[in-house]
Structure formats: structure tokens, C-alpha cells
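Descriptive analysis of the structure
The lines below spell out each chain.
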Amino acid sequence: MNGNRDILLIEDNPDDVELTRIAFAEAGSAHRLTVVGDGAEALDYLFARGAHAGRAATDLPAVVLLDLNLPKLNGREVLQAIRSDPATRSLPVVVLTTSAEPFDVDAVYELGANSYIQKPVEFERFVDAVRQIGLYWLTLNQAPGNP
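The following refers to the structure shown. Quick caveat: nothing in here was measured; it's all calculated off a predicted structure.

Time to look at the nonpolar core. It is characteristic of soluble globular proteins that their nonpolar side chains tend to be buried jointly. In this structure, Leu 8, Ile 10, Leu 46, Val 64, Leu 66, Val 78 and Val 108 are the most contacted members of the largest nonpolar core, which totals 21 residues. When contributions to this core are tallied by element, the ones reaching two or more residues are β1 (7–10), α2 (39–46), β3 (63–66), α3 (75–84) and β4 (93–97). Sort the elements by how many residues they give to this core and α2 lands first, with four residues. If we skip the residues at most four places from it in the chain, Leu 8 touches Thr 34, Val 36, Tyr 45, Leu 46, Pro 61, Val 63, Val 64 and Leu 65. Grouped together as the second largest cluster of nonpolar side chains are 18 residues, Leu 33, Leu 65, Ile 133 and Leu 138 included.

Let's shift gears to the sheet that holds β4. Across the sheet, five strands lie side by side as β2-β1-β3-β4-β5; this open sheet has parallel pairing. Edge strands, defined here as strands with exactly one partner in the open sheet, are β2 (33–36) and β5 (115–118). Neighbour-to-neighbour, the strand axes of the sheet open up by a mean angle of 20°, direction not taken into account. By the bridge criterion, three bridges tie β3 to β4 in an arrangement that is parallel. The partner of Leu 66 across the bridge, within β4, is Val 95. Sitting on the sheet, α2 is in contact with β1, β2 and β3, with an inclination near 130° to β2. Where helix α4 (residues 102–110) meets the sheet, its contacts fall on β4 and β5, and the angle it forms with β5 comes to roughly 155°.

Counted by the stated rule, this structure contains eight salt bridges. A salt bridge links Asp 6 to Arg 32; the shortest N-O distance between them is 2.7 Å. With Asp 6 in the segment before β1 and Arg 32 in the loop between α1 (14–26) and β2, this pair connects stretches of sequence that are 26 residues apart. Residue classification places Asp 6 among the buried positions, given a relative accessible area of 8%. Linking Asp 104 and Arg 76 is a salt bridge whose minimum nitrogen-to-oxygen distance equals 3.4 Å. On the criterion of sequence distance, the pair formed by Asp 104 in helix α4 and Arg 76 in helix α3 is long-range, its members being 28 residues apart. Classification of Arg 76 as partly exposed rests on a relative accessible area of 22%. Through salt bridges with shared partners, one network takes in Glu 11, Asp 16 and Lys 119.

On to a nonpolar patch on the surface, then. Residues Leu 135, Tyr 136 and Leu 140 make up a contiguous nonpolar surface patch of about 310 Å² in total accessible area. On the basis of relative accessibility, which here comes to 56%, the residue Leu 140 falls in the exposed class.

Between its first and last C-alpha, α1 extends 18 Å over 13 residues, near the 18 Å set by a 1.5 Å rise per residue. Those residues of α1 not exposed but buried are Asp 16, Val 17, Thr 20, Ala 23 and Phe 24. Taken around the axis of α1, the buried residues stretch over an arc of 130°, which confines them to a single face. Among the exposed residues of α1, those pointing more than 90 degrees away from its buried face are Pro 14, Asp 15 and Ala 25. The inward-facing, buried residues of α1 abut β1, β2, β3 and α5 (123–140). Here α1 starts with a cap whose side-chain oxygen sits 2.8 Å from the backbone nitrogen of Asp 15, and that cap is Asn 13. Residue Gly 28 follows α1 closely and has a positive phi angle near 80°.

Rules of the game
- In every chain, residue numbers begin from 1 and rise along the written sequence.
- Residue-level local features of this predicted model are given only where pLDDT is at least 70; pairs of side-chain atoms are given and counted only at 80 or more, and the full residue set underlies all totals for whole chains, interfaces and linings.
- Water and hydrogen atoms were dropped before computing side-chain values, which therefore reflect all heavy atoms in the structure.
- What is meant by a nonpolar core is a set of buried Ala, Val, Leu, Ile, Met, Phe, Trp, Tyr and Cys residues, joined one to another through side-chain atoms within 4.5 Å.
- Think of it in three bands: residues with accessible area under 20% of the maximum for their type are buried, residues over 50% are exposed, and the middle band is partly exposed, with areas taken using a 1.4 Å probe on protein chains only.
- Where helices and strands are cited, they refer to DSSP runs of H or I of at least four residues and of E of at least two residues respectively, numbered from the N terminus.
- What makes two residues a contact is simply this: any of their non-hydrogen atoms within 4.5 Å.
- Strand pairing is assigned whenever DSSP detects at least two bridges linking the two strands.
- To get an axis, fit a line to the C-alpha atoms, keeping to the stretch in contact for a helix; angles then go from 0 to 180 degrees between the N-to-C directions.
- Any carboxyl oxygen of Asp or Glu within 4 Å of a side-chain nitrogen of Lys or Arg constitutes a salt bridge here.
- Within the patch definition used here, like charges are joined within 9 Å and nonpolar side chains (Val, Leu, Ile, Met, Phe, Trp, Tyr) within 5 Å, considering only residues with over 30% relative accessible area and no salt bridge.
- Only the protein chains shown count as covering a residue, and every accessible area follows the Shrake-Rupley method with a 1.4 Å probe.
- Here the expected length of a helix is defined as 1.5 Å per residue gap, with one fewer gap than residues.
- The arc in question is the one traced by the directions running from the helix axis out to the C-beta atoms.
- Polar contact criterion, stated in full: a pair of N or O atoms within 3.5 Å, where within protein one must be able to donate a hydrogen and the other to accept it, and residues adjacent in sequence count only if both atoms are side-chain atoms.

This is a description of form; function is not addressed.
Below, the structure is given as C-alpha cells:
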């Protein structure tokens with residue numbers, strides 16, 4: 001992966017956003033964390049429209065970290081929109097949420113999520129989870145179109 005590609009965090013809880021920022025810093029990630037706070041803004045960012053119309057639509061993040069419980073459009077709706085568009089269909093989407101409900105897990109995999117991670121409550125476990133997300137999705141994973 002190109003080292004300057006962003007990580008898109010779709011999260012509405014400011015505490016979880018800050019915790020994620022700290023965790024990526026602790027994990028030594030060189031990727032910039034871009035944060036959007038609701039499902040509608042997430043799609044505007046990804047498809048370079050609305051407030052994000054000046055962004056190049058082809059400049060997609062390396063990975064999307066998606067919370068399920070979002071205002072405007074929920075995480076399942078965002079995932080469905082990502083998977084229905086050819087430009088974003090193969091974009092890695094990791095659901096990072098507090099829910100451990102089997103229904104949520106099954107539903108997002110049915111919609112095409114690449115991974116489902118329940119947010120650990122303890123900070124050190126959260127940092128470790130973020131480190132592993134970064135290692136796999138930003139270093140080890142071979143994305144389509146990237147040699």
C-alpha cells in the first residue's frame with residue numbers, strides 16, 4: 001500500500017474518535033486518519049460530492065473503519081452503498097463497532113464487509129486491535145490494482 005493513503009474512520013462518538021487517533025499513534029501508523037461523523041458525510045467523502053466535492057473521487061482510502069450506529073445513514077446502509085458502486089466495490093471495509101450481536105455480524109458480512117471487529121473496552125486491547133488492523137490492511141493485504 002502507498003504510505004500516504006488515508007484511513008477513513010466513520011464514527012460519530014468523539015470519545016471513540018480520539019481513542020482511535022491515540023491508538024493509531026501508539027501503533028506507529030504513518031497513515032493519516034480522516035474522520036467523518038455520519039453515514040451521509042461518509043458517502044459524500046467517498047464519492048467526492050457535497051462538502052467533499054473538491055476531493056478527487058479516485059483518491060480512495062486504503063481502508064474504511066466503519067461504525068454501525070451512525071446518524072443519518074447507519075453503517076449497514078453505508079456499506080451497501082459502498083458495495084453497490086463499481087468505484088468502491090473492492091474498497092476494504094472493516095466494521096469496528098461495540099456490537100457483538102450475531103445479527104449485526106451476519107448482516108454486515110452479507111453486505112460485503114471484509115472484517116468485523118468488536119471494539120475492545122480496555123485501552124491496551126484496543127491499541128493492539130488497531131495495530132493488527134494496520135498491520136494486516138495497510139501492510140500485508142494485497143489490494144486489487146496495487147502490485
